[in-house]
Amino acid sequence: MRRAEDGDHRAWFAKNNEALRSAMYEHGAVMVKGSGLVEQAGLADLAEQIGGRTLEYNERSTPRSRVTGKVYTSTEYPADQSIPQHNESAYSANWPHNVFFFCALAAASGGETPVADSSAVLDRLPSALVERFAERGVLYTRTYRVGMGLSWQEGFQTEDKGQVERYCADHGIQTEWDGDLLRTRHKRPALAVHPVTGKKVWFNQAHLFHVHALPEAAREGLLEICGEDGLPRNAYYGDGTPITADELATITSAYEETTLAEPWSTGDLLMVDNLLTSHGRRPFTGDRKVLVAMTQREG
């Protein structure tokens, strides 16, 4: 962790840009205590300065709100719920290289953004399981409907079905319409190699998309209402064969064994290399406001 010096935080970050990038490559994530950020727009400027061009949050899987420009709220789930570890948008072909979290208001208690080393997660998984995922990849299935999960309008940030079709065609996503209901399916790799460090990492959201990630009552209710083919989201091996509940439990345990969490203070900044490090959210009490900007490096 590093603490911004007293005075002009912009000058401090400009001076330490390369050191912060190097620290992210070495450690996967860096928290700057007392970053000096106070304005929401300043987060996007700082993210671009360190991480490259900022991204729109498209192909959404969770509810968020735009705060200003390309700065968003963190995932808007109820305060009493945890968000499991995940690499941001690993299900998408357009995932961010870096994710910048700014704590505009720390919760009264809890609300940490825990992180886990994606390489360490991979090392803790059984070799046979890793081989299956490496060979087959992950198949993500989604059903967009009003009132259950995200609608396609919210997921793709448009009211135009043609625009959705073009986006999906450009990103290798199969589509099927049933009136205003949209089903999609697409295959993505389960592992990745970091282009700078050369580390091989576990990089997918199979455990998060899979229906067994839901509490039992919610899972049974959705299956009864929607059937397996109509679930808001689900995951399989890339060849369509099921991922078992035991395999998912093994993956979840690997995340739990490698997770670290630093309490937030208002004004802190957490910078995450999205390949090297996953993130999540712990339950909290009181008000909490954490903002997010996502970036991609050019080239």
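That block above? That's the structure.
Summary of the structure given here.

Cut-offs applied
Residues numbered from 1 in each chain as written. Predicted model: local features only at pLDDT ≥ 70, side-chain atom pairs only at ≥ 80, totals over all residues. Heavy atoms only, no water. 1 Å grid on protein atoms, 1.4 Å probe; cavity = no way out; pocket = protein on both sides within 12 Å on 5 of 7 lines; lining within 4 Å. Points joined across faces, edges and corners; volume = space filled by probe spheres on them. Helix = DSSP H or I, 4+ residues; strand = E, 2+ residues; numbered from the N terminus. Nonpolar A, V, L, I, M, F, W, Y, C, P; charged D, E, K, R; others polar. Buried < 20%, exposed > 50% of the residue type's maximum accessible area, 1.4 Å probe, protein only. Pairing = 2+ DSSP bridges. Axes fitted to C-alpha atoms, helices over the stretch in contact; angles between N-to-C directions. Contact = heavy atoms within 4.5 Å. Lys, Arg positive; Asp, Glu negative; His and termini not counted. Salt bridge = Lys/Arg side-chain N within 4 Å of Asp/Glu carboxyl O. Polar contact = N/O pair within 3.5 Å; in protein donor to acceptor, adjacent residues only side chain to side chain.

### Thoughts on empty space enclosed by the protein
Then comes step 1: Scanning all chains against the criterion turns up two cavities of 30 Å³ or more.
Then comes step 2: Ser74, Thr75, Phe101, His279 and Gly280 are the residues nearest the centre of the largest cavity, which is lined by 13 residues in total.
Then comes step 3: Among the elements of the structure, strand 6 (83-86) and strand 18 (277-281) are those that each provide at least two residues to the lining of the largest cavity.
Then comes step 4: At three residues, strand 18 tops the list of elements feeding residues into the lining of the largest cavity.
Then comes step 5: By residue class, the composition of the lining of the largest cavity is three nonpolar, six polar and four charged.
Then comes step 6: Estimated volume of the second largest cavity: approximately 50 Å³.

### Describing unusual backbone geometry
Then comes step 1: The phi torsion at serine 89 lies on the positive side, around 55°, for a residue other than glycine.
Then comes step 2: For serine 89, the location among the structural elements is in the loop between strand 6 and strand 7 (98-105).
Then comes step 3: Overall, serine 89 belongs to the buried group, its relative accessible area being 5%.
Then comes step 4: Unusually for a residue other than glycine, glutamine 157 sits at a positive phi of about 55°.

### Side note on the pairing of strand 2 (residues 29-33)
Then comes step 1: Of all five residues in strand 2, five are buried; the element is thus mostly enclosed.
Then comes step 2: Every second residue of strand 2 is oriented toward a common face, with Ala29, Met31 and Lys33 on one face and Val30 and Val32 on the other, all of them buried.
Then comes step 3: As paired elements, strand 2 and strand 17 (residues 269-273) share four bridges and run antiparallel to each other. Bridge pairing links valine 32 to leucine 269 in strand 17.

### Here's the deal with the sheet that holds strand 10 (residues 138-144)
Then comes step 1: Strand order in the open sheet formed by four strands is 11-12-10-15, and the pairing between neighbours is antiparallel. Each end of this open sheet is capped by a strand with a single partner; those strands are strand 11 (174-178) and strand 15 (233-237). The average undirected angle you get between the axes of adjacent strands in this sheet is 15°.
Then comes step 2: When strand 10 meets strand 15, the two strands line up antiparallel, connected through five bridges. If you follow leucine 139 over to strand 15, its bridge partner there is tyrosine 236.
Then comes step 3: Helix 5 (residues 127-136) contacts strand 10, strand 12 (181-188) and strand 15 of the sheet and is inclined by roughly 100° relative to strand 15.
Then comes step 4: Seen against the sheet, helix 7 (residues 161-170) touches strand 11 and strand 12 and runs at an angle of roughly 155° to strand 11.

### What about the side chain of arginine 281?
Then comes step 1: Assignment of secondary structure puts arginine 281 in strand 18.
Then comes step 2: Buried charge without a partner: arginine 281 forms no salt bridge, and the closest opposite charge is aspartate 80, 6.3 Å away.
Then comes step 3: Of the polar contacts made by the side chain of arginine 281, one reaches the backbone oxygen of proline 78; its length is 2.7 Å.
Then comes step 4: In contact with arginine 281, other than residues within four places in its own chain, are Thr75, Tyr77, Pro78, Ala79, Gln81, Ser82, Ile83, Glu112, Pro114 and Arg288.

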